[in-house]
2 protein chains.
Amino acid sequence: MASNRPHAAAPSQEVALIGRLTQQRAIVLEALMAVEGFVGAQALHNRLTGDGTPVGLTTVYRTLTAFAEAGRADIVRDGNGERLFRYRPGPDHRHYLLCTECGLSRPVDSDPVETWARKIARTSGFTNVRHTVELSGICPDCREGTAPSPNGGRPA
Amino acid sequence: MASNRPHAAAPSQEVALIGRLTQQRAIVLEALMAVEGFVGAQALHNRLTGDGTPVGLTTVYRTLTAFAEAGRADIVRDGNGERLFRYRPGPDHRHYLLCTECGLSRPVDSDPVETWARKIARTSGFTNVRHTVELSGICPDCREGTAPSPNGGRPA
DNA sequence: GTTTTTGCAAAGCTTTTGCAATCCG
DNA sequence: CGGATTGCAAAAGCTTTGCAAAAAC
């Protein structure tokens, strides 16, 4: 539904950022870029295996971690302790509103948070201040028909 | 060093919220309340064992989870996939600035974020919108003498 | 006395590491 | 060629579950 982004051409340059240009890394990064929003390493691995381009799970983990460390991907933790990765197009980052039912993610305007975080960083005396902001909820689609309430209906 | 809060009296009422009033649950909740900020289940278990009030790790997990489900505790994930729990005194919550070196946590003014999150919740079409905001950095103490830069010195 | 709760041991999960074979440059 | 990279298998870490003994009501 919401994931028909024309995935960019083979990201050779991006791959080069983390070491040698290998087929596997290109595959992993391409798959990452093709996904809108966040994906788990295992989900990505499954997708690749299904696509007929099997890449070792270890390699997927290593590649994604390397990209994150190179500043080309963001990481969040989902509710089960799984790490989700998202390709980061530019130097600045966005924040997303994640649907806890279907995993749909939608970017939100996060300027106020950025400003707030910068102010905290300035006035706190702390250095290297980083922030993680995660919004989650149930998207309109899931609310209506698709999923009754696998959550148990707990209020906020 | 920074955790000398006069821990509240035995929280019988709170315990009752999640089932039978048992010694172990009282111990766990009391320990949770005595901590300022977030604690991991294992850390709490260690502390209790050291205090001479050994409680099974399983029980700590179950009790904390139950409290969280009863809405009396908040949960965040730290960078290693560990779940950290914090007793929630009231219906509203605070956000903290965590030192990545020593674990010190300091509450920060989070009104702007709350306002922002509420606005997103209103305008997004999502329901049950929750937010997680985590600020981390290196506190002044750690910056000066204790730890040179175990982080590797990566900028924000 | 009955039902919940406890706690040990074992399993479950995601993620990381060791190491020989392989591929890139 | 030489060194980085791959991938399988095994390990690591945190959390959950099964089940008999113990405690609460």
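That block above? That's the structure.
What counts and what doesn't
- Residues numbered from 1 in each chain as written.
- Chains lettered and ligands numbered in written order.
- Predicted model: local features only at pLDDT ≥ 70, side-chain atom pairs only at ≥ 80, totals over all residues.
- Heavy atoms only, no water.
- Least-squares fit on C-alpha atoms with pLDDT ≥ 70 in both.
- Contact = heavy atoms within 4.5 Å.
- Pairing = 2+ DSSP bridges.
- Helix = DSSP H or I, 4+ residues; strand = E, 2+ residues; numbered from the N terminus.
- Axes fitted to C-alpha atoms, helices over the stretch in contact; angles between N-to-C directions.
- Near = heavy atom within 4 Å.
- Polar contact = N/O pair within 3.5 Å; in protein donor to acceptor, adjacent residues only side chain to side chain.
- Nonpolar A, V, L, I, M, F, W, Y, C, P; charged D, E, K, R; others polar.
- Parallel < 35°, antiparallel > 145°, perpendicular 65-115°, else oblique.
- Left-handed = near helix turned anticlockwise from the far one by under 90°.

J.: Now, about the relation of the copies chain B and chain A: what can you tell me, with residues and values included?
T.: Superposition record for chain B on chain A: RMSD 0.6 Å, screw rotation 178°, translation along axis 0.1 Å. Both copies are brought into coincidence by an operation consistent with a two-fold rotation axis. Of the residues that chain B buries at the interface, 98% are likewise interface residues in chain A, meaning the two copies contact each other through the same surface.

J.: So what about the sheet that holds strand β6 (residues 127-138) of chain B? Which residues, and what values?
T.: Strands sit in the order β5(A)-β4(A)-β6(A)-β6(B)-β4(B)-β5(B) across an open sheet of six strands; the sheet is mixed. Strands at the two margins of the open sheet, each flanked by one partner only, are β5 (105-108) of chain A together with β5 (105-108) of chain B. When the angles between neighbouring strand axes are averaged without regard to direction, this sheet yields 25°. Summarising the sheet, strand β4 (residues 95-99) of chain A and strand β6 (residues 127-138) of chain A pair through three bridges and their orientation is parallel. What sits directly across from L97 of chain A, in β6 of chain A, is L135 of chain A.

J.: How would you explain the sheet that holds strand β2 (residues 73-77) of chain A if you had to name every residue and give the values?
T.: Residue and element names in this part refer to chain A. Taking strand neighbours across the sheet as the criterion, the three strands line up as β1-β3-β2 in an open arrangement whose pairing is antiparallel. Both outer strands of the open sheet, β1 (39-40) and β2, are each paired with one neighbouring strand and no more. In this structure, β2 lies alongside strand β3 (residues 83-87), joined through five bridges in antiparallel fashion. Looking at the pairing, A73 lines up with Y87 of β3.

J.: Tell me about the environment of D78 of chain B, and please be specific about residues and values.
T.: In this structure, D78 of chain B sits in the loop between β2 (73-77) and β3 (83-87). When the C-alpha atoms of D78 of chain B and F38 of chain B are compared, they prove to be 9.8 Å apart, with 40 residues separating the residues in sequence. Once residues within four sequence positions are removed from consideration, D78 of chain B is found in contact with R77 of chain A together with L84 of chain B.

J.: A description of the protein's contact with DNA strand D should follow, citing residues and the corresponding values.
T.: Lining the immediate environment of DNA strand D, one finds 18 residues, of which R25, T59 and R62 of chain A together with Y61 and R83 of chain B sit closest. Counting only atoms of DNA strand D within 4 Å of the protein, the sugar-phosphate share comes to 63%. R20 of chain A has a polar side-chain atom sitting 2.8 Å from a base nitrogen of DNA strand D. Taking Y61 of chain B, its side chain carries an N or O atom lying 2.3 Å from a phosphate oxygen of DNA strand D. For the surface near DNA strand D, the secondary structure elements donating two or more residues are α2 (23-34) and α4 (57-69) of chain A together with α4 (57-69) of chain B. By residue class, the composition of the surface near DNA strand D is three nonpolar, eight polar and seven charged.

J.: Explain the packing of helix α2 (residues 23-34) of chain B against α4 of chain B to me, using residue names and the numbers behind them.
T.: Residue and element names in this part refer to chain B. Direction vectors running N to C along α2 and α4 enclose 70°, while the axes themselves pass 10 Å from each other. As far as their axial angle goes, α4 and α2 are roughly perpendicular. The handedness of the crossing between α2 and α4 comes out as right-handed. Together, Q24, R25, V28, L29 and L32 of α2 and T59, V60, T63, L64 and F67 of α4 make up the contact between the two elements.

J.: With reference to specific residues and values, describe the protein's contact with DNA strand C.
T.: Near DNA strand C, the surroundings consist of 18 residues, among which Y61 and R83 of chain A together with R25, T59 and R62 of chain B are the closest. Counting only atoms of DNA strand C within 4 Å of the protein, the sugar-phosphate share comes to 67%. Between DNA strand C and the protein, one listed contact pairs a sugar or linking oxygen with a side-chain N or O atom of Q42 of chain A at 3.4 Å. With respect to DNA strand C, the side chain of R20 of chain B contributes an N or O atom lying 2.9 Å from a base oxygen. The set of elements that each furnish at least two residues to the surface near DNA strand C consists of α4 of chain A together with α2 and α4 of chain B. Looking at the surface near DNA strand C residue by residue, the class counts come to three nonpolar, eight polar and seven charged.

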